[in-house]
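In case you want the letters, here they are:
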Amino acid sequence: MLQKRIFGHGGVMISGLDSSVSNDELKHIFGLYGEIKEVMDLDRRVRRGQERLAQEAAKEKAVEEE
């Protein structure tokens, strides 16, 4: 089993890799993963914000109707 250490990404240790995978390729993969994760996290935060706004609007409407 091959183990590689990638620096610049928190010193990640990866094991079970094919020896043909270079450190540069791994850095690229982890960089893309980080960017994708950031977009997914942003999307999740936007959806939560929209849900909160909808809840607040519903509460305000209920108060106005009383």
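Throughout this description, residue numbers start from 1 for each chain and increase along the sequence as written. Given that the model is predicted, a residue must reach a pLDDT of at least 70 before its local features are reported, and side-chain atom pairs must reach 80 or more before they are shown or counted; all residues, however, enter totals for whole chains, interfaces and linings. Derived side-chain values reflect all non-hydrogen atoms in the structure, with water molecules and hydrogen atoms excluded from consideration.

(A) Molecular detail of the overall build of the protein chain. Secondary structure is summarised from DSSP: a helix means a run of H or I of at least four residues, a strand means a run of E of at least two, and numbering begins at the N terminus for each. Regarding its fold elements, the protein chain presents one helix and two strands. Relative to its 66 residues, the protein chain shows a buried fraction of 8%. Per-residue accessibility takes into account occlusion by the displayed protein chains alone, with areas from the Shrake-Rupley method and a 1.4 Å probe. With an accessible surface of roughly 5700 Å², the protein chain has 54% of that area assigned to carbon and sulfur atoms. Three labels apply to residues, based on accessible area from a 1.4 Å probe with only protein chains included: buried if under 20% of the type maximum, exposed if over 50%, partly exposed otherwise in between.

(B) View of a nonpolar patch on the surface. Each patch groups residues whose relative accessible area exceeds 30% and which form no salt bridge, using 9 Å between like charges and 5 Å between nonpolar side chains of Val, Leu, Ile, Met, Phe, Trp and Tyr. Criterion for a salt bridge: a side-chain nitrogen of Lys or Arg within 4 Å of a carboxyl oxygen of Asp or Glu. Nonpolar side chains collect at one region of the surface, where L32, I36 and M40 lie side by side and expose about 270 Å² of accessible area between them. When you line up the elements, M40 lands in helix α1 (residues 23–65).

(C) Geometry of the pattern of salt bridges. The final tally for this structure, using the stated rule, is two salt bridges. Linking D41 and R44 is a salt bridge whose minimum nitrogen-to-oxygen distance equals 2.8 Å. In this pair, D41 and R44 both sit in helix α1, three residues apart, roughly one turn of the helix. Ionic pairing is found between D43 and R47, a salt bridge with its closest N-O pair at 2.8 Å. Here R47 and D43 lie together in helix α1, a separation of four residues that amounts to about one turn. D43 sits in the partly exposed class, given a relative accessible area of 39%.

(D) Region of the structure containing a negative patch on the surface. Side chains of E56, E60, E64, E65 and E66 sit close together on the surface and give a patch of like negative charge. Structurally, E60 is set in helix α1. Counted charges follow a simple rule, with Lys and Arg positive, Asp and Glu negative, and His plus the chain ends left uncounted. All charge positions are set by atom: Lys at NZ, Arg at CZ, Asp at CG, Glu at CD.

(E) Fine view of the confidence of the model for the protein chain. Put simply, the protein chain has an average pLDDT of 76, and 71% of its residues get 70 or more. How sure the predictor is of each residue is captured by pLDDT, a score from 0 to 100. The lowest-confidence element of the protein chain is strand β1 (residues 2–6), averaging 52 in pLDDT; the highest-confidence one is α1, averaging 86.

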